[in-house]
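A structural walkthrough
Listed below are the residues making up each chain.
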Amino acid sequence: MGNPAGLLLVAFGLLGAVWPYKVTRFGEQMDAIGSKRSLSDVEPADWNVMLTRIVGGVCILFGLGVTFGG
C-alpha cells in the first residue's frame, strides 16, 4: 500500500495544486482572525496563490517518492 506519511503528503499536495485559491484564501482568513477586517473581504495575493500551487505540486512529487520509493 505504501507509506501513510507519503499518502498524506500527496493528499495535502492535491488540495494545494487543484484548489490553490481556496486553500490560500482560507489561510488568509485564518490570519485575519482578530483583526478589524471582515473575513469575507480577505483576498489572497496572486503570488501567494501561485506559490501554493507550486508547493502543492512539490508535495505531490515528494509524497509519491516517499510512498513508492525505496
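Residues numbered from 1 in each chain as written. Predicted model: local features only at pLDDT ≥ 70, side-chain atom pairs only at ≥ 80, totals over all residues. Heavy atoms only, no water.

Let us look at the overall build of the protein. Helix and strand counts for the protein come out as three helices and zero strands. From first element to last, N terminus to C terminus, the protein shows the α and β order α-α-α. Computed over its C-alpha atoms, the radius of gyration of the protein comes to 15 Å, more than 25% above the 11 Å expected for a compact globule of 70 residues. Split into buried and exposed, the 70 residues of the protein put 24% on the buried side. Here the protein has roughly 5,000 Å² of accessible surface; of this, 70% comes from carbon and sulfur atoms. If the 5 positive side-chain charges of the protein are averaged to one point and the 5 negative ones to another, these points end up 4 Å apart. (Helix = DSSP H or I, 4+ residues; strand = E, 2+ residues; numbered from the N terminus. Rg over C-alpha atoms; globule rule 2.2 N^0.38 Å. Buried < 20%, exposed > 50% of the residue type's maximum accessible area, 1.4 Å probe, protein only. Areas by Shrake-Rupley, 256 points an atom, 1.4 Å probe, with all protein chains shown as cover. Lys, Arg positive; Asp, Glu negative; His and termini not counted. Charge placed at Lys NZ, Arg CZ, Asp CG, Glu CD.)

What follows concerns helix α1 (residues 4–18). For α1, built from 15 residues, the straight-helix expectation of 21 Å at 1.5 Å per residue is met to within 8% by its first-to-last C-alpha distance of 21 Å. Restricting attention to buried positions, one finds in α1 the residues Gly6, Val10, Gly13 and Gly16. Looking straight down α1, one finds that the buried residues subtend no more than 130° of arc, so they occupy a single side. Exposed side chains of α1 directed beyond 90 degrees from the buried face belong to Pro4, Leu8 and Phe12. Contact partners of the buried residues in α1: α2 (20–32) and α3 (46–68). A distance of 3.0 Å separates the backbone nitrogen of Ala5 from a side-chain oxygen at the start of α1, and that oxygen is part of Asn3. (Expected span 1.5 Å × (residues − 1). Arc of directions from axis to C-beta. Contact = heavy atoms within 4.5 Å. Polar contact = N/O pair within 3.5 Å; in protein donor to acceptor, adjacent residues only side chain to side chain.)

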